[in-house]
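# Examination of the molecular architecture
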Amino acid sequence: MTTSPSSSSTSGDEPARPLPSGATYVEALQDTALCFRGTDLAGAEVRADALGRPRAISGNFASVFSVTVADGTRYAIKCFTREAPEQATRYRAVGAHLAGLDDDWTVGFDYLDQGILVAGVRHPVLRMEWVEAVNLLRWLDGHVDDPRAVAAMAERFGRLVDRLAAAGVGHGDLQHGNLLVTADGSLKLVDYDGMYVPALAGLPAAETGHRNYQSPDRTAADFGPEVDRFSSWVIYLSLVAFATDPALWRQLRDEDAEHLVLAEPDFADPAGSFRLATLTGHPDARLRGLAERFQDVLLHHRAAPPPLEPLSGVELSAGVEHRGDAVAAPGLPSWLSERLRPHVPAPPPRVRFSRRGPVLAAVTWALAVLLPFGVPAAVIVDEAIAIADVSAVLAWAAATAAGYRRQPQRAEARAARDERKRLGDARLAAADEAARLDREARSIAAATEVAKAQQERRRRDLRHRHDERLRAHQRAVKQELDRIDRERQAATTRMRLEEQRLLVRRQKARLRAELGKFRLAVAGVEGVGPRQLANLQAVGIRTAADFVGVRYEPDGLDRVAIFVLVDGRGVTAAGVGEVSAVLIDQWRERLTAEIEADRPTALSSVEQQALMARHAADRARLDAEHQRVLADAETAIRDLRATLRAEQVALADEMKSANTVTARTRVDHERAAAEADVRLERAERAEAEGVTRADAFRRITYRRYLRFLLTGRS
């Protein structure tokens, strides 16, 4: 596999054509003999998923499949789902440039313009060398607790950045997913979609990279050999941070986070970044200085960052031997490098007495020989001899004691034993300090949990207070709106009643007008002659409209008919008896029924408009009041929300400050605990060495000295 363009590439880019979807490629790859017909990939075996279908690794622009050909060679086949501008031109330029490099970070590829047949149409694919490796994030997940390995990785990444710059290459999307770590620890770069090489100068970037590794100011116009500067800072700072303090991996990252230490929010707001504050406030001066340099990049040079500045004066992995994944590097904090260095002291030789005075040795021999005879003689012969014996023994004891004290080994032994005691006391003190820090760590962890619970409770209380204020406001608004609705209903009811009254009045007026057209004189009512008509006219009854009914009052054995006029007065007409009155009243009722059958059921438009006009003011007042209540309610809700946001921001700032202090306290304490553990290990090692050294003087005692005087051996 070479990095040059495939011979199947055309001389120029073909016109843009729609590309298949990832699912369509999956369908096509179920028959590789067909979709790769005419290429050396025909009949290849595709890695399948649990359902037996081709397994795709999907991205924004393509789906990648693992394919193994007949001779066992494995490739990564990249099938494009979206075509980048000048795609073939870019890959040919990248392939030609990389072919001239002799760097181990490159991965061979061929751009096959007619690489795959899908639904009868040929589409381009990228055939890439398969690399057995894991991405940087997964590698760190398995090695973050091995600071030497991570330190060596930081150095290798720094060298990779230097080689890219020297080659005039910009990857364009440096991030954990495109940095692969092989079994021997070497770095490979994959995904060359957005790569810059000198032949592409003047073109815009095909992509702007992973947001958690790129400057927020980056645009497609930022496409040149310096395109990787920002992401290089991000990755290198992260590797140095994890090498210096592995605890940062769990402190500053969520479990499934798609970033290393820092992410897009930290780049956008460096002043408010908790993670950046943790790094710039770290006890390790080297890490703190590097973080402060990157902070300056974020604050002042985000759009045009300077080249990466690897740590000067510190060789992260100088003299480290690499065995597989077991990478070691002494470029660590002193407390950690000393902890990691094996220390197995060789036991010192046994110390013996070396200087034996001949006179004192002879006296010792003489006393040893004569004393058994002198004591019985002193008891049997003379008391003076006993006194002489005792004096001789005392003199000898004083002489041997003085000789013992003059022995150089005796002073060395005493010093070694004193040192052993001192080191034992130091170990006990270190153990007490480590135990104290361990108790403090548990206390800090408990306090942190309490603080988290309190913060969560304060957040809930803040939200609860807001909800209570909002509900109280909503209740007040509802009461106002209900009042306005009641007034509206009352106004509507009044208008409907007035409308009904007006309608009844209109109906009555029409009825009277129509009844007035029917004269009693021409009605032909049976039994009503001229004399009765004249009498009726005399009391004001000429038409059906002049009376509204008839009532009857008893008059002896008869009943008198009393006509009820429109104004409510009752009148009688001479000669009009009960029978005639009934017939006249029936005539009027019959006419009324006929007229009412066609009575108006609504006001006229003029009357309706006049009615609406009389009630318009009330309606307008209530509408305006309704709108005012709604507007006031909206304003109050905005104010409540603004108050909530202000309180949340204030609480967040307070919590952020508290969390920053807590994080720094935790980091400082963990560092102190780690250093205490190191001091304890040193003390234990020193005590063991002191015991070993003191044990070398085990034979340097007064009793052994007497034996040495007698035998010459100790």
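The coordinates are above.
The structure displayed is predicted, hence computed values, not measured ones.

## Here's the deal with the overall build of the protein chain
Across its full length, the protein chain holds 18 helices and 12 strands. Sequence-distant contacts in the protein chain: of pairs separated by 6 or more residues, those separated by 24 or more amount to 70%.

## Re the sheet that holds strand β10 (residues 547-555)
Reading across from one edge, β10-β11-β12 is the order of the 3 strands in this open sheet, with antiparallel pairing throughout. With partners counted over all chains shown, the strands left at the sheet margins are β10 and β12 (570-571), one partner each. As defined by bridge partners, strand β11 (residues 558-565) adjoins β12 across 2 bridges and the pair is classed as antiparallel. Residue pairing across strands places Val564 opposite Gly570, the latter belonging to β12. Sitting on the sheet, helix α16 (residues 578-596) touches β10 and β11, and the angle it makes with β10 is about 160 degrees.

## A word on the packing of aromatic side chains
All told, the structure shown has 12 aromatic pairs when counted by the stated rule. An aromatic cluster of three or more residues is present, and its members are Phe80, Tyr91, Phe109, Tyr111 and Tyr192. Against the face of Tyr75 rests Arg127, its NZ or CZ located 5.3 Å from the ring centre. Sitting above the plane of the Trp249 ring, Arg253 keeps its charged end 4.1 Å from the centroid.

## Looking at the packing of helix α5 (residues 147-166) against helix α6 (residues 229-244)
Direction vectors running N to C along α5 and α6 enclose 160 degrees, while the axes themselves pass 8 Å from each other. Of the possible angle classes, the one that applies to α5 and α6 is roughly antiparallel. Handedness of the crossing formed by α5 with α6: left-handed. In contact with Pro147, Val150, Ala151, Met153, Ala154, Phe157 and Val161 of α5, α6 contributes Ser232, Ile235, Tyr236, Leu239, Val240, Phe242 and Ala243. Its residues assigned to classes, the contact of α5 with α6 comprises 13 nonpolar, 1 polar and no charged.

## Structural notes on the nonpolar core
If you look at the biggest cluster of nonpolar residues, it comprises 76 residues, and the most contacted ones within it are Leu136, Phe157, Leu279 and Phe294. For this core, the leading source of residues is α6, giving 11 residues. Residue assignment places this core across two domains, with domain 1 (22-129) and domain 2 (133-317) each supplying three or more. In contact with Phe157, other than residues within four places in its own chain, are Leu174, Leu179, Leu187, Ser232, Ile235, Tyr236 and Leu239.

## Here we look at the environment of Leu180
Summarising the element assignment, Leu180 is placed in strand β8 (residues 179-182). On the basis of relative accessibility, which here comes to 13%, the residue Leu180 falls in the buried class. In the structure, Leu180 is positioned 47 residues away from Ala133 in sequence and 5.7 Å away in space, judged by C-alpha atoms. Apart from residues no more than four positions distant in its own chain, Leu180 is found in contact with Val131, Ala133, Val134, Asn135, Ser186, Leu187, Lys188 and Val190.

## Notes on the sheet that holds β8
Ordered by their spatial adjacency, 3 strands build an open sheet running β7-β8-β9, and the pairing between neighbours is antiparallel. The sheet terminates laterally at β7 (133-135) and β9 (187-189), the two strands that pair on one side only. Sheet twist, expressed as the mean angle between neighbouring strand axes with direction ignored, is 35 degrees. In terms of strand pairing, β7 meets β8 through 3 bridges, oriented antiparallel.

## Description of the layout of surface pockets
Of the voids in this model, the largest pocket is the one considered here, and its volume is about 1300 Å³. Along the walls of the largest pocket sit 36 residues, with Ile57, Val64, Gly177, Asn178 and Val190 positioned nearest its centre. Counting residues per element, the ones that place at least two in the lining of the largest pocket are β2 (57-58), β3 (62-68), β4 (74-80), β6 (121-129), β7 and α4 (136-143). Here the residues of the lining of the largest pocket are counted per class, giving 14 nonpolar, 10 polar and 12 charged. The residues that make up the lining of the largest pocket include at least three from each of domain 1 (22-129) and domain 2 (133-317).

## Examining empty space enclosed by the protein
Summed over the entire model, instances satisfying the criterion amount to 5 cavities of 30 Å³ or more. By volume, the largest cavity is sized at about 90 Å³. Tallying contributions element by element places helix α3 (residues 87-99) first for the lining of the largest cavity, with 3 residues. By residue class, the composition of the lining of the largest cavity is 5 nonpolar, 1 polar and 4 charged.

## Quick notes on a negative patch on the surface
A contiguous patch of negative charge, built from Asp141, Asp254, Glu255, Asp256 and Glu258, is present on the exposed surface. Inspection of the secondary structure puts Asp254 in the loop between α7 (248-251) and α8 (264-268). Using a relative accessible area of 60% as the deciding quantity, one classes Asp254 as exposed.

## Describing the pairing of β8
By the alternation rule, side chains of β8 split into Leu179 and Val181 and Leu180 and Thr182, which are all buried. What sits between the antiparallel neighbours β8 and β9 is a turn of 4 residues, in which Gly185 has the positive phi angle 90 degrees.

## Topic: the pattern of salt bridges
For the structure on display, the rule yields 47 salt bridges. In this structure, Arg163 engages Asp104 in a salt bridge whose closest nitrogen and oxygen atoms are separated by 3.3 Å. Note that Arg163 is positioned in helix α5 and Asp104 in the loop between α3 and β5 (109-118), a separation of 59 residues in sequence. Judged by its relative accessible area of 45%, Asp104 is partly exposed. Residues Asp585 and Arg588 are paired through a salt bridge, measuring 3.5 Å at the closest nitrogen-oxygen approach. On the criterion of helical spacing, the pair formed by Asp585 and Arg588 is a turn pair, its members being 3 residues apart in helix α16. Residues Asp585 and Arg588 agree in their burial class; the two are buried.

## Points about helix α15 (residues 530-538)
Taken as a whole, α15 has its buried residues at Gln532, Leu533 and Leu536. An end-on view of α15 places all buried positions within 100 degrees of arc, on one side of the element. Exposed side of α15, more than 90 degrees from the buried face: Pro530, Arg531 and Ala538 are the residues found there. Next to the buried residues of α15 lie β11 and α16.

## Remarks on the packing of α4 against α5
For the pair α4 and α5, the least separation of the axes is 9 Å and the interaxial angle reads 150 degrees. Considering the angle they form, α4 stands roughly antiparallel to α5. Crossing geometry of α4 relative to α5 is assigned as left-handed. Here Leu136, Trp139, Leu140 and His143 of α4 come into contact with α5, specifically with Ala149, Val150 and Met153. Tallied by class, the residues present in the contact of α4 with α5 amount to 6 nonpolar, 1 polar and no charged.

## Let's talk about the environment of Asp668
By the element assignment, Asp668 lies in helix α17 (residues 605-695). Judged by relative accessible area, which is 39%, Asp668 ranks as partly exposed. Residues Asp668 and Gly281, 387 residues apart in the sequence, show an inter-C-alpha distance of 9.6 Å.

How each quantity is defined
- Residues numbered from 1 in each chain as written.
- Predicted model: local features only at pLDDT ≥ 70, side-chain atom pairs only at ≥ 80, totals over all residues.
- Heavy atoms only, no water.
- Helix = DSSP H or I, 4+ residues; strand = E, 2+ residues; numbered from the N terminus.
- Contact = heavy atoms within 4.5 Å.
- Pairing = 2+ DSSP bridges.
- Axes fitted to C-alpha atoms, helices over the stretch in contact; angles between N-to-C directions.
- Phe/Tyr/Trp six-rings, centres within 6.5 Å; stacked < 30°, edge-to-face > 60°.
- Lys NZ or Arg CZ within 6 Å of the ring centre and 35° of its normal.
- Parallel < 35°, antiparallel > 145°, perpendicular 65-115°, else oblique.
- Left-handed = near helix turned anticlockwise from the far one by under 90°.
- Nonpolar A, V, L, I, M, F, W, Y, C, P; charged D, E, K, R; others polar.
- Core = buried A, V, L, I, M, F, W, Y, C linked by side-chain atoms within 4.5 Å.
- Buried < 20%, exposed > 50% of the residue type's maximum accessible area, 1.4 Å probe, protein only.
- Domains from an automatic or database assignment.
- 1 Å grid on protein atoms, 1.4 Å probe; cavity = no way out; pocket = protein on both sides within 12 Å on 5 of 7 lines; lining within 4 Å.
- Points joined across faces, edges and corners; volume = space filled by probe spheres on them.
- Patch = residues over 30% accessible without salt bridge, like charges linked within 9 Å, V, L, I, M, F, W, Y side chains within 5 Å.
- Areas by Shrake-Rupley, 256 points an atom, 1.4 Å probe, with all protein chains shown as cover.
- Salt bridge = Lys/Arg side-chain N within 4 Å of Asp/Glu carboxyl O.
- Lys, Arg positive; Asp, Glu negative; His and termini not counted.
- Charge placed at Lys NZ, Arg CZ, Asp CG, Glu CD.
- Arc of directions from axis to C-beta.

The values reported here are purely geometric and, on their own, carry no functional implication.
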